[in-house]
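Now for the letters of each chain:
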Number of protein chains: 2
Amino acid sequence: MPVPKTTSPPPRIQILEVTPQVDCGRFPVKRTVGDRVDVHARIFRDGHDVLGAAVRYRPPGTTRWLELPLGPVGNDHWEGVFVVDRPGRWSFRADAWVDRVATFQDELRRKVEAGQEDLSGELSEGAVLLGRETLTVEDALTAPAGDRSGAASSLVYCVDVDRQLARFGAWYELFPRSWGGFEGVRALLPEFAELGFDVLYFPPVHPIGHTNRKGRNNALVAGPGDPGSPWAIGSEEGGHEAIHPELGTVREFERLVAEAREHGIEIAIDFAIQCSPDHPWLAEHPEWFYRRPDGTLKYAENPPKRYQDIYNVNFDCEDWKELWSALRDVVLLWVERGVTVFRVDNPHTKPVPFWEWLIAEVRRDHPDVIFLAEAFTRPAMMTTLAKAGFAQSYTYFTWKNTRWELLEFMGQLLDWSQCYRPNMFVNTPDILHEYLQRGGPPAFEARLVLAATLSPSYGIYSGYEHFENVPVREGSEEYLDSEKYEVKERRLDGPLLPLVATLNKARREHRALQRLDDVTFLETENEQLFAFLKRDGADDVIVVVNLDPAATQRGVCILPVSTGLPPAYRVHDLLADVEWTWHIGRNFVELAPGKSHVLKVVR
Amino acid sequence: MPVPKTTSPPPRIQILEVTPQVDCGRFPVKRTVGDRVDVHARIFRDGHDVLGAAVRYRPPGTTRWLELPLGPVGNDHWEGVFVVDRPGRWSFRADAWVDRVATFQDELRRKVEAGQEDLSGELSEGAVLLGRETLTVEDALTAPAGDRSGAASSLVYCVDVDRQLARFGAWYELFPRSWGGFEGVRALLPEFAELGFDVLYFPPVHPIGHTNRKGRNNALVAGPGDPGSPWAIGSEEGGHEAIHPELGTVREFERLVAEAREHGIEIAIDFAIQCSPDHPWLAEHPEWFYRRPDGTLKYAENPPKRYQDIYNVNFDCEDWKELWSALRDVVLLWVERGVTVFRVDNPHTKPVPFWEWLIAEVRRDHPDVIFLAEAFTRPAMMTTLAKAGFAQSYTYFTWKNTRWELLEFMGQLLDWSQCYRPNMFVNTPDILHEYLQRGGPPAFEARLVLAATLSPSYGIYSGYEHFENVPVREGSEEYLDSEKYEVKERRLDGPLLPLVATLNKARREHRALQRLDDVTFLETENEQLFAFLKRDGADDVIVVVNLDPAATQRGVCILPVSTGLPPAYRVHDLLADVEWTWHIGRNFVELAPGKSHVLKVVR
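On a predicted model such as this, the values are computed, not experimentally measured, just so you know.

A.B. asks: What should I look at first to understand the overall build of chain A in this one?
C.D. replies: Along the backbone of chain A there are 12 helices and 27 strands. Dimensions of chain A, computed from C-alpha atoms along their principal axes, come out at roughly 105 × 70 × 45 Å. Sorting the 603 residues of chain A into buried and exposed places 59% on the buried side. Considering only contacts in chain A between residues 6 or more positions apart, those separated by 24 or more positions represent 74%. Here chain A displays about 23700 Å² of accessible surface, and carbon together with sulfur accounts for 50% of that area. Here chain A contributes 67 positive and 89 negative side-chain charges, whose respective centroids are spaced 1 Å apart.

Quick look at the structure:
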């Protein structure tokens, strides 16, 4: 190894352990608009020179680096902060330098204090450094420092900043065909707004294929009036760009999106890449689909399961660049139509590099667009999709029902919180958990409170508010007479809706319920009572849920001294609208089956 | 962002979380010859394809990648191992691929097991894949798998492999001028070998400057017979290449090195970059030294301290490349003279990039060379020097004397163990800790046993075995009449040497004492009793030290069930040469001041 070829020697300053970062900076960390980015680095140099340091950061779409100071906090740790005030991809790095003037002053001061008298050599150095003819000790010590020499920079790290909706929102999933199409949904917007929902999510709104259409309860052969699954996308009436004529027109869709926005609601649609056998792409782009050596197309399957009503695209086809571009254009078309939230179907069965590209491509010009990953798979893939750009992801929440399961699950989410944001759906058209099937209304209440208070984003799929809990068969998580294969007559009058409205109101009024990571779990001395404290600044909310849907449970809720709460304080139950006095230490709790306390600490 | 420009789409396989690595692969991890490198990676891909994976690794000085399998251990974790069998810088990476044949067979098998009958399409695919005209189900399922498609590779990570001496060795520091020079030391080699020392470390052996020479006890003016500090390197008789004539000749030095090696001992010398005012470099290379604007040279100082007998080199000088090269050539010259271990003086006051370059440069052709960092500074710099290439480092050991201090200190070393190897010196010419000053012989015994059993590398500086414990003044850690400034008459007859010999023998016979990270700390119910278990395979050694140099202490040594030791077992005390029966659970212990048990578990 020869001596380095650079003219100057390599920087002597070391900048290590820069955070926040994920996977050594391979992926961006995530924040939402208004967040602080707390930057840390280990900064040091050989010898005793006085160092200065800064975080340099660049908002999206700009080329100039802004700067804020990093300050030493001991043991070579330096810290600083910048605030991200708009969505898009931000960059930052840590810079450090020797302040030669401050170093000179520091040494001179120590010599003066030690009584050294002949400082003429030192002052001649200082004069050169400060650009003066001559220099006195006093002038030297009072000269302004701030010289920057021997500067070093860290690598550049990225922060993906989303709108607050990417972190905090209440979702409602509905099949528009069961609500009178777009116009039927539009008529209900004031009621959805009143209930406090932020997002209405629609399964695919495109034409549905005829060939091999599935019948009611997933029957292999559809009956004459069966509408088919919305996920079997495409017919002679069009593919991913088209709208199912029974739902309405493009114009009606656009009007719905716009009017929803006036009510503070966004319409999310589904981005599901598979095609029905009747999708126009099969004829227009046969090369995008898997074929056997004999030339026949291969429908989707996961042996022994067969999905004869859909074909997957072949991401490894020769024409992959055109395929990628076409899929991006589908998303951009719907963005043009006003959609800014996409729920993505099964992203874990498509290539991660495709998602990383697609999401960056869309967000470059539309940083307000949010992608929710319907990824129910192993942790490595779920977190990697989040790193690749999905703003939110579905979670294992529906399967975590005991205290121990919830604690372990929340621990995992907190570990992932630099890039993965959960959206806790209490049910989906595919998942009706046994706990709900057997627990009845108390189970539905408990799960609703858990989702709405543990996670800043949560959702319910329609029917939940009516306590729908009959599976297609014993041991299945599929609904009987699933809405996936038939049209229902839905109304917004479920008995659980008042609780939904109360929770959504509490969520909006309490910053403590708008973040994931401000949680402290509390001891209850009863495995059926799950309790936690959420706090954001001076906003404290204590939640206690009786996980038992069958029996009243008694226990305590222990607030440790480390919470910093006063010895005694008033709490206001946001569900029951009553007040009690609580204490540091043990507070007796008794809750009927599935009931909860959501307690605001009164200041 | 346009579609990627590559002909093929980017690899769909993700390879994340590759370990072992330090600072995202910026620096190598460290191992010694014969070690396993346990490789881990998170490997996964969208969809259900069957994956294969391997660790590819490259020994130093070779260009061909070798390969060993990585196997799945659940949840997308893959693991494998390779063994490093020679010193130098190794490289490795994780590779993964889709096995299309195994994927085809997996799907076919599931279809056969589900009773699907028309498999002609599948078999036509399989025939193409396997390169056959036709294919039966049986042929398809029994065809050898092992296809590699869609391969992906991780980044390349490095492992610096040292000789075992970098991890495990007993050091003795001596000033050869106090032992009759090189010939005097040579005469004692059989005795040093008998005591079990692996390394004899000499402070600088070069000519010592006259100008501003320090006198006895660091006096500013030397008396007529004062020899000066060996660290004030260089006189008219030569600089870093030369040998002080009173120690011997180059030829005698080489003979000493060679003869020591025959006794299993290596001679380590000091690499100290500063120069006395009389060093030839000051005249030959005035540009390598700091100068004031008036042209005068600047001696070393850390205000208000002044080191008038030495000048530091200026690593930022214009001629820095020649300076770097000259310093490297000094090291290489001593390597030619047979030296393979260097103790480096104050490396934390020189640039880290210089060390990274120098050590790589020397080890490229001489991978057996070991550098020990005399870095007493903050953790960030100490660990970074280790990352930059130092095989070993001095530690905070001398200042860690209580049970709590030792536990915290060991925890830090274990955290650093991927790249930082401690060498625990019980004393140095600069550090006589108050614990030794006040504790007398029992303190010396306790500290010796701690160093020799906690750390695979440890050292003593001569005088320790004679219990030398008088400081130059109250509150100082400097020795009275320090050997740094005068010649002593040393003899190898200290009363502590039998214990040294016993410990060194135990260390050589017990693999458990040859590693740092095989330690479990044990409860004693007495803060003065410090106990731990070390184990390597079937070799178990229990150590209990009475930290109190003034009083007998009683307590227990608790061996938990988790150790897997039998309910009762015999232990043999390697110090007292007696046997007892010990148990899982509480074992009564009583130790006189500073005394220890070093117990081998008899199998």
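A.B. asks: What should I look at first to understand the interface of chain B and chain A in this one?
C.D. replies: Interfaces are often sized by the amount of accessible area the parts lose when they come together. Contacts between the two partners involve 66 residues from chain B and, on the opposite side, 66 residues from chain A. Surface buried jointly by chain B and chain A totals about 5800 Å² across both partners, of which 57% is contributed by carbon and sulfur atoms. On the surface where chain B and chain A come into contact, there are 14 salt bridges. Notably, a salt bridge pairs Glu125(A) with Arg292(B), separated by 3.0 Å at the nearest N-O pair. Along the contact surface separating chain B from chain A lie 25 residue pairs in polar contact (both at pLDDT 80 or more). Elements represented by at least two residues in the side of chain B that touches chain A include exactly β1 (14-19), β3 (36-44), α1 (100-113), α2 (120-130), β13 (300-302), α7 (320-336), α8 (352-365) and α9 (379-388) of chain B. The biggest single contributor to the side of chain B that touches chain A is α8(B), with six residues. When its residues are assigned to classes, the side of chain B that touches chain A shows 28 nonpolar, 15 polar and 23 charged.

A.B. asks: Teacher, can you tell me more about the pairing of strand β12 (residues 266-271) of chain A here?
C.D. replies: Residue and element names in this part refer to chain A. Within β12, six of the six residues are buried, which leaves the element mostly enclosed by the surrounding structure. Of the two faces of β12, the one holding Glu-266, Ala-268 and Asp-270 and the one holding Ile-267, Ile-269 and Phe-271 are both buried throughout. Pairing between strand β11 (residues 199-202) and β12: four bridges, direction parallel. Across the sheet, Tyr-201 pairs through a bridge with Ala-268, a residue of β12. The β-α-β motif built from β11, the intervening helix α5 (residues 250-262) and the parallel element β12 has right-handed crossover chirality.

A.B. asks: Help me understand the packing of helix α4 (residues 181-195) of chain B against helix α5 (residues 250-262) of chain B, please; the structure alone is not making it clear to me.
C.D. replies: Any two packed helices are characterised by the angle at which their axes cross and by the distance between the axes. All names here are of chain B. Where α4 contacts α5, the axes come no closer than 9 Å and their chain directions differ by 15°. With respect to α5, the element α4 is oriented roughly parallel. The two elements α4 and α5 cross, and the hand of that crossing is left-handed. Contact residues: α4 offers Phe-182, Glu-183, Val-185, Arg-186 and Leu-189, while α5 offers Glu-252, Phe-253, Arg-255, Leu-256, Glu-259 and Ala-260.

A.B. asks: Is there a simple way to explain the packing of aromatic side chains in this structure?
C.D. replies: Given two aromatic rings, one states the distance between the centres and the angle between the planes to describe the pair. All names here are of chain A. Tallied over the entire structure, the rule returns 76 aromatic pairs over all chains. Arranged with centres 5.3 Å apart and planes meeting at 50°, the rings of Tyr-172 and Phe-192 form a pair that is tilted. Note that Tyr-172 is positioned in strand β10 (residues 169-173) and Phe-192 in helix α4 (residues 181-194), a separation of 20 residues in sequence. For the pair Tyr-172 and Phe-192, one class covers both residues: buried. Relative to Phe-253, the ring of Phe-182 has its centre 5.3 Å away and its plane inclined at 65°; by these criteria the two rings are edge-to-face.

A.B. asks: Please explain the pairing of strand β16 (residues 370-374) of chain A as it appears in this structure.
C.D. replies: On a regular strand, each side chain points to the face opposite its neighbour's, so the side chains alternate between the two faces of the sheet. Residues and elements named next belong to chain A. Buried residues dominate β16, accounting for five of its five residues. Here β16 shows a buried face lined by Ile-370, Leu-372 and Glu-374 and a second buried face lined by Phe-371 and Ala-373. As defined by bridge partners, strand β15 (residues 341-345) adjoins β16 across five bridges and the pair is classed as parallel. Bridge pairing links Val-341 to Ile-370 in β16. You can see the chain leave β15, run along helix α8 (residues 352-365) and come back into β16, and the turn it takes is right-handed. Across two bridges, β16 lies against strand β17 (residues 392-393) in parallel orientation. Considered in β17, the bridge of Leu-372 is made with Gln-392. Viewed along the sheet, the connection from β16 through helix α9 (residues 379-388) into β17 turns out right-handed.

A.B. asks: It is not clear to me how the relation of the copies chain B and chain A should be interpreted in this structure. Could you clarify?
C.D. replies: For these two chain copies, the linking operation is a rotation about an axis paired with a shift along it. When chain B is brought onto chain A, the operation consists of a screw motion whose angular component is 180° and whose axial shift is 0.0 Å, with 0.1 Å RMSD remaining. In the structure described here, the two chain copies are related by an operation that fits a two-fold rotation axis. Relative to the rotation axis, the C-alpha of Cys24(B) is the closest in chain B, positioned 2.9 Å from it. Both copies present the same face, since 100% of the interface residues in chain B are matched by interface residues at the equivalent positions in chain A.

A.B. asks: Any chance you could explain the environment of Arg132(B) here in plain terms?
C.D. replies: Residues and elements named next belong to chain B. Along the chain, Arg-132 turns up in the loop between α2 and α3 (137-142). For Arg-132, a relative accessible area of 35% puts it in the partly exposed group. When the C-alpha atoms of Arg-132 and Ala-187 are compared, they prove to be 78 Å apart, with 55 residues separating the residues in sequence. With sequence-adjacent residues up to four places away left out, Arg-132 is seen in contact with Ala-127, Asp-139 and Ala-143.

A.B. asks: Can you walk me through the sheet that holds β17(A) in this structure?
C.D. replies: The pairing of strands in a sheet comes from backbone hydrogen bonds and takes either a parallel or an antiparallel form. Residue and element names in this part refer to chain A. The parallel open sheet is built from eight strands, whose spatial order is β17-β16-β15-β12-β11-β10-β19-β18. Only two strands of the sheet have a single partner each, and these edge strands are β17 and β18 (424-425). The strands touched by helix α7 (residues 320-336) within the sheet are β12, β15 and β16, with β12 carrying the most contacts at an inclination of about 165°.

Thresholds, definitions, all that
Residues numbered from 1 in each chain as written. Chains lettered and ligands numbered in written order. Predicted model: local features only at pLDDT ≥ 70, side-chain atom pairs only at ≥ 80, totals over all residues. Heavy atoms only, no water. Helix = DSSP H or I, 4+ residues; strand = E, 2+ residues; numbered from the N terminus. Buried < 20%, exposed > 50% of the residue type's maximum accessible area, 1.4 Å probe, protein only. Contact = heavy atoms within 4.5 Å. Areas by Shrake-Rupley, 256 points an atom, 1.4 Å probe, with all protein chains shown as cover. Lys, Arg positive; Asp, Glu negative; His and termini not counted. Charge placed at Lys NZ, Arg CZ, Asp CG, Glu CD. Buried area = accessible area lost by both parts, 1.4 Å probe. Salt bridge = Lys/Arg side-chain N within 4 Å of Asp/Glu carboxyl O. Polar contact = N/O pair within 3.5 Å; in protein donor to acceptor, adjacent residues only side chain to side chain. Nonpolar A, V, L, I, M, F, W, Y, C, P; charged D, E, K, R; others polar. Pairing = 2+ DSSP bridges. Right-handed = clockwise from strand over helix to strand, strands pointing away. Axes fitted to C-alpha atoms, helices over the stretch in contact; angles between N-to-C directions. Parallel < 35°, antiparallel > 145°, perpendicular 65-115°, else oblique. Left-handed = near helix turned anticlockwise from the far one by under 90°. Phe/Tyr/Trp six-rings, centres within 6.5 Å; stacked < 30°, edge-to-face > 60°. Least-squares fit on C-alpha atoms with pLDDT ≥ 70 in both.

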